[in-house]
Amino acid sequence: MAAATPHSPPPQQLSSPFLEYIRAPGGLDKVVLRGRRSCSVEIRLFGGQVTSWKNDHGEELLFVSSKAIKPPKPFRGGIPICFPQFGTQGNLEQHGFARNRLWAIDDNPPPLPVNPAIKAFVDLILKPSEDDLKMWPHSFEFRLRIALGAGGDLSLTSRIRNTNTDGRPFSYTFAYHTYFSVSDISEVRVEGLETMDYLDNMKGKERFTEQGDAIVFESEVDKVYLAAPSKVAIIDHDMRRTFVVTKEGLPDAVVWNPWDKKAKAMQDFGDSEYKHMLCVEPAAVEKPITLKPGEEWKGRLGLSAVPSSYCSGQLDPLKVLHG
Ligand SMILES: O=P(O)(O)OC[C@H]1O[C@@H](O)[C@H](O)[C@@H](O)[C@@H]1O
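The numbers attached to residues start from 1 for each chain and follow its sequence in the written order. Only residues with pLDDT of at least 70 get local features here, since the model is predicted, and only at 80 or more are side-chain atom pairs given and counted; chain-wide, interface and lining totals rely on the full set of residues. Processing note: side-chain calculations cover all non-hydrogen atoms of the structure and skip hydrogens and water entirely.

Asks: How do you make sense of the side chain of Arg-99 when you look at a structure like this?
Replies: Here Arg-99 is to be found in the loop between strand S5 (81–82) and strand S6 (104–105). For the buried residue Arg-99, which engages in no salt bridge, the nearest side chain bearing the opposite charge is Glu-93, 6.2 Å off. Polar contacts here mean pairs of N or O atoms no more than 3.5 Å apart (in protein, one a potential hydrogen donor and the other a potential acceptor; neighbouring residues in sequence count only if both atoms are side-chain atoms). A polar contact is formed between the side chain of Arg-99 and the backbone oxygen of Gln-94, at a distance of 3.2 Å. Only heavy atoms enter the contact rule, under which two residues are in contact if any of them lie within 4.5 Å. In this structure Arg-99 touches Phe-46, Gly-47, Pro-74, Pro-80, Ile-81 and Gln-94, once residues within four positions along its chain are discounted. Labels follow the DSSP assignment, with helices taken as runs of H or I lasting at least four residues and strands as runs of E lasting at least two, numbered in each case from the N terminus. To sort residues, take the accessible area from a 1.4 Å probe on protein chains only and compare it with the maximum for the residue type: under 20% means buried, over 50% means exposed, and anything in between is partly exposed. Under the convention used here, Asp and Glu are negative, Lys and Arg are positive, and both His and the chain ends fall outside the count. Here, a salt bridge means any side-chain nitrogen of Lys or Arg that lies within 4 Å of a carboxyl oxygen of Asp or Glu.

Asks: Hey, could you run me through the UniProt feature "binding site: substrate" (unreviewed entry) in the protein chain in this one?
Replies: UniProt positions are given in the numbering used here, feature names are shortened, and annotations may be inferred rather than shown by experiment. If you check UniProt for "binding site: substrate" (unreviewed entry), the listed places come out as Arg-76, Gln-94 and Arg-99 in our numbering. Their sequence span is 24 residues, while the largest C-alpha to C-alpha distance among them is just 13.4 Å; these annotated residues converge on one region. Within the secondary structure, Arg-76 is located in the loop between strand S4 (49–54) and S5. When near neighbours in sequence (up to four residues on either side) are disregarded, Arg-76 contacts Val-64, Ser-65, Ala-68, Tyr-179, Trp-256, Met-266, Asp-268 and Phe-269.

Asks: I keep staring at the site of the ligand and nothing clicks. Help me out?
Replies: The immediate surroundings of the ligand are formed by Arg-76, Phe-86, Gln-94, His-95, Arg-99, His-177, Asn-201, Asp-222, Val-254, Trp-256 and Glu-281. Taking Arg-76, its side chain carries an N or O atom lying 2.9 Å from an oxygen atom of the ligand. Residue Gln-94 places a side-chain N or O atom 2.8 Å away from an oxygen atom belonging to the ligand. Protein chains bury 84% of the 400 Å² of accessible surface belonging to the ligand in isolation. Think of it as three bins: nonpolar holds Ala, Val, Leu, Ile, Met, Phe, Trp, Tyr, Cys and Pro, charged holds Asp, Glu, Lys and Arg, and polar takes everything else, Gly as well. Partitioned by chemical class, the residues of the shell around the ligand number three nonpolar, four polar and four charged. Near residues are defined by distance, with any heavy atom within 4 Å of the molecule or strand qualifying the residue. All accessible areas in this document rest on Shrake-Rupley with a 1.4 Å probe, and a residue is counted as covered only by the protein chains that are shown.

Pasting the structure below:
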């Protein structure tokens, strides 16, 4: 596929103190959202992909591989959008084509009921090309709003509408493939998925039930937790930081760390980078989403990073998870 072409000049909505449009060659145009102090989010038009989320100290909260490569290959890190297919569940390329396409700024999105206090946001849109329609013969409009909240929280809201004129419904699977930056994977715990059923991608997608306490990491993990709770906590002990992941419209949650062997086999991933990342991906995998013509689905990802020196009991993940 030809490398993405430079984007057309940004529409009016981009001239705001909270938002900067940065042009770059090779389809690497990006939008930067700026919040309080050093909070920021960077979004690449290629892939509609968040590639950076910084807190008010300017610390990077998402993992991006030092070996991430340029379009038209997917960018290893940030929050790739997996659509219309998660993984290899279908006849499209792994994780579908949305992450490998040039998205556009949507300068006239349908109204979205959001917190009016949020000023730093951008609306993107993806529609299928002629080539896409040959691979996946369905017309759709995929609108994505990325917003940086006043407290530095990050939210992604996807709205996917079936615009088929031939009366045909379509079904898809989906994930926000979120790469969290962690200090040391062996010091990380995930709360909220204990006792849940999961499909183990390392055991032929066989179904198992998770043990009764927090998930810890000592080897490669590639699991799709089914009907997972709407809130999951990722506790980074060394960093004294807890990521709180909330999801709406997305029943499942994928947890992935490639560990050493697979890390070495990935060209766009450093051999030891598995120690400093964890993917927790709100998703719809087990049960594909089906839309009739005219129907729209909404799926939301909410991310916040809270200080948590857990040992001092300052933040009890269960309180975070269950309010
Ligand atoms: O290398 P990709 O296509 O970005 O996929 C990375 C991983 O993505 C995860 O979501 C899948 O569960 C893994 O099976 C896969 O290896």
